[in-house]
Amino acid sequence: MRILLIEDEPETAAFLQKALKESGHVAEHAGDGETGLSFARTQSYDVLIVDRMLPKRDGLSVIETLREDEIRTPVLILSALGEVDDRVKGLRAGGDDYLTKPFAISELLARIEALARRSAPEEAVTKYVVADLVLDRLSHTVTRSGEPITLQPREYRLLEYLMKHAGQVVTRTMLLENVWDYHFDPQTNVIDVHISRLRSKIDKNFDPALLQTVRGAGYTIRDAGS
Ligand code: CA
């Protein structure tokens, strides 16, 4: 990854730059807020590591200015201050994550990798296939053995999510958060109702059954024959 480190303490900067390079990253360094802002505006980085207190321009102001300019590069804020209030200010300013000094370098590396992963564009998958069941994301159509299957929008999203994770167990919580966008009591039967409808559409008249209940865990869609 290409990383910009905006940090004014020379020792911390040198140590971090070395550690980042040793982990295979390209790490550029700016020693004050103005220089950092100018680098971040004119060059492309995967992640920015921004110290909270900086000469010339404060870390929060650097982040706010970048966000005003529609520069969305993920930002990890470093701070010697550990106050909750400060953390909130940093995240409000447009930072994506926050790490309080002193920290373990392994934690810093894990966090910047997570930030970069989150901002990476989703794979351009246009089609999911499990056995003879095909979901085409471009035409928004589903077929099994070549026969068209008509799904309601929520059933389509449910099937899309299950097929994206084909072969894995998908929990009720995962379904609620990703298909319904709610975080409510998973005792609700909304999932059961939709699973049952989906099952009757994709499995009832076909063999083998692809949508399976994993007792006590959730659901999985897989080709049982393979
Ligand atoms: Ca500082």
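Everything that follows concerns the structure shown earlier in this document.
Residues numbered from 1 in each chain as written. Predicted model: local features only at pLDDT ≥ 70, side-chain atom pairs only at ≥ 80, totals over all residues. Heavy atoms only, no water.

A. Layout of the sheet that holds strand β7 (residues 133-136). Here 4 strands make up an open sheet; going across it, the order is β6-β7-β8-β9 and the pairing antiparallel. Every other strand in the sheet has two partners, leaving β6 (127-130) and β9 (147-149) as the edge strands with one partner each. Each adjacent strand pair in this sheet contributes to an overall mean axis angle of 25 degrees, direction not counted. Where β7 meets strand β8 (residues 141-144), 4 bridges bridge the pair, whose relative direction is antiparallel. Each bridged residue has a counterpart across the sheet, and for Leu133 the counterpart in β8 is Arg144. Seen against the sheet, helix α6 (residues 153-164) touches β6, β7 and β8 and runs at an angle of roughly 110 degrees to β7. (Pairing = 2+ DSSP bridges. Helix = DSSP H or I, 4+ residues; strand = E, 2+ residues; numbered from the N terminus. Axes fitted to C-alpha atoms, helices over the stretch in contact; angles between N-to-C directions. Contact = heavy atoms within 4.5 Å.)

B. Seen up close, helix α2 (residues 33-42). Turning to α2, its buried residues number three or more, namely Gly33, Gly36, Leu37 and Ala40. Seen end-on, α2 carries its buried residues on one side only, within an arc spanning 100 degrees. Between the side-chain oxygen of the N-cap and the backbone nitrogen of Glu34 there are 3.0 Å, and the N-cap of α2 in question is Asp32. (Buried < 20%, exposed > 50% of the residue type's maximum accessible area, 1.4 Å probe, protein only. Arc of directions from axis to C-beta. Polar contact = N/O pair within 3.5 Å; in protein donor to acceptor, adjacent residues only side chain to side chain.)

C. Spatial organisation of the pairing of β6. In β6, alternate side chains face the same way, and those of Tyr128 and Val130 are buried while those of Lys127 and Val129 on the opposite face are not. The pairing of β6 with β7 spans 4 bridges and is antiparallel. Its bridge partner lying in β7, Lys127 is registered against Asp136.

D. Looking closely at the coordination of the calcium ion. Those donors, Asp8 (OD), Asp51 (OD) and Met53 (O), are the protein atoms that reach the calcium ion, and they lie 2.0 to 2.3 Å from it. Mapped onto the sequence, the residues coordinating the calcium ion show the spacing D-x42-D-x1-M. Here Asp8, found in the loop between β1 (2-6) and α1 (10-22), pairs with Asp51, found in strand β3 (residues 47-51); they are 43 residues apart in sequence, far enough to count as distant. For Asp51, a relative accessible area of 3% gives the class buried. (Donors = N, O, S within 2.8 Å, 3.2 Å for Na, K, Ca; no water.)

E. Spatial organisation of the pairing of strand β11 (residues 218-221). Across 4 bridges, strand β10 (residues 211-214) lies against β11 in antiparallel orientation. If you follow Leu211 over to β11, its bridge partner there is Ile221. Between β10 and β11, which pair antiparallel and follow one another directly, the connecting turn spans 3 residues, one of which, Gly216, has a positive phi of 75 degrees.

F. Quick peek at the sheet that holds β3. Across the sheet, which stays open at both edges, the 5 strands sit in the order β2-β1-β3-β4-β5 with parallel pairing between neighbours. Both edges of this open sheet fall to β2 (26-30) and β5 (97-100), since each of them pairs with a single strand only. Averaged over all pairs of adjacent strands, the angle between strand axes in this sheet comes to 20 degrees, irrespective of strand direction. Here β3 runs beside strand β4 (residues 75-79); their pairing, made up of 4 bridges, is parallel. Along β4, the bridge assignment pairs Leu48 with Val75. Together, β1, β2 and β3 form the strand contacts of α2, whose direction differs from that of β1 by roughly 160 degrees. Against the sheet, helix α3 (residues 59-68) engages β1, β3 and β4, with an angle of about 145 degrees to β3.

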